[in-house]
Structures are given as structure tokens and as C-alpha cells.
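Breakdown of the fold
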Amino acid sequence: TEAASRGASSFTIPRGDYHFGDTLIDIHSLVNFSVVAPGVTFWFSRGGGLRLFDCWNLRWSGSHPSAPFVIDYDPPLYAQG
């Protein structure tokens, strides 16, 4: 949201894995904004995640299908077996 407060319409996250553990990331009031995150994975554990509040026309994307933006959990939030 710092980029948006400076008047930018987009923000690019450098490629890589980002580990947040059980942190909740809250994003508020972004309007007509793009987050470009090619080849980025956000890793969370149980209780963590990304929450959006009062956002409109907000786009999160990788730049290409071969370099997607991913949110994942370790350990997974489900059990298979």
C-alpha cells in the first residue's frame, strides 16, 4: 500500500519464495492497482494468509503462465490419504 499512497498504479515483487509463517498480511483500500509477481510464491503456515479489505479492481498476477504467482501452505491445510 506504500506504492499506492505515492500514486503508483502497480508494484512488482521480485521472483522468489517468501515465507511468512502464521502472519496475516492485511491490505486495505487499494483501488485500480496491480501487483505483478512473476515466479513468486508466498508461503504461510496455519493461521497465516493474505486478507484484502475494501479493495476494488485489484489484480495479482505473474507475468506469464510459466511464472505464476502462488500462495501455498506448509504444512498443507488438508490431509490426504
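Here we summarise the structure given alongside this text. Just so it is clear, the structure is predicted and the values come from calculations on it, not from any experiment.

Reading the values: the criteria
- Residues numbered from 1 in each chain as written.
- Predicted model: local features only at pLDDT ≥ 70, side-chain atom pairs only at ≥ 80, totals over all residues.
- Heavy atoms only, no water.
- Buried < 20%, exposed > 50% of the residue type's maximum accessible area, 1.4 Å probe, protein only.
- Helix = DSSP H or I, 4+ residues; strand = E, 2+ residues; numbered from the N terminus.
- Pairing = 2+ DSSP bridges.
- Axes fitted to C-alpha atoms, helices over the stretch in contact; angles between N-to-C directions.
- Core = buried A, V, L, I, M, F, W, Y, C linked by side-chain atoms within 4.5 Å.
- Contact = heavy atoms within 4.5 Å.

Of all 5 residues in strand β5 (residues 40–44), 4 are buried, a share of seventy percent or more. Both strand β2 (residues 16–21) and β5 contribute to a ladder of 5 bridges, which runs parallel. In the strand pairing of β5, Y18 is matched with F42. Direction of pairing for β5 relative to strand β8 (residues 70–73): parallel, over a ladder of 4 bridges.

Ordered by their spatial adjacency, 3 strands build an open sheet running β1-β4-β7, and the pairing between neighbours is parallel. If you trace the sheet from one side to the other, it starts and ends with β1 (10–12) and β7 (56–61), each paired once. Neighbour-to-neighbour, the strand axes of the sheet open up by a mean angle of 10°, direction not taken into account. Pairing of strand β4 (residues 31–36) with β7, which is carried by 5 bridges, proceeds in the parallel orientation. Looking across to β7, one finds that V36 is bridged to S61.

In globular proteins that are soluble, nonpolar side chains generally tend to be buried together. Judged by nonpolar contacts, A3, I13, I27, L30, F33, V35, A37, V40, F42, F44 and F69 together constitute the single largest core of 11 residues. Of all elements in the fold, only β4 and β5 reach the threshold of two or more residues within this core. Considering each element in turn, this core owes the most residues, 3 residues, to β5. The residues touching F33, leaving out its near neighbours within four places in the chain, are A3, A4, A8, S9, S10, F11, N57, L58 and R59.

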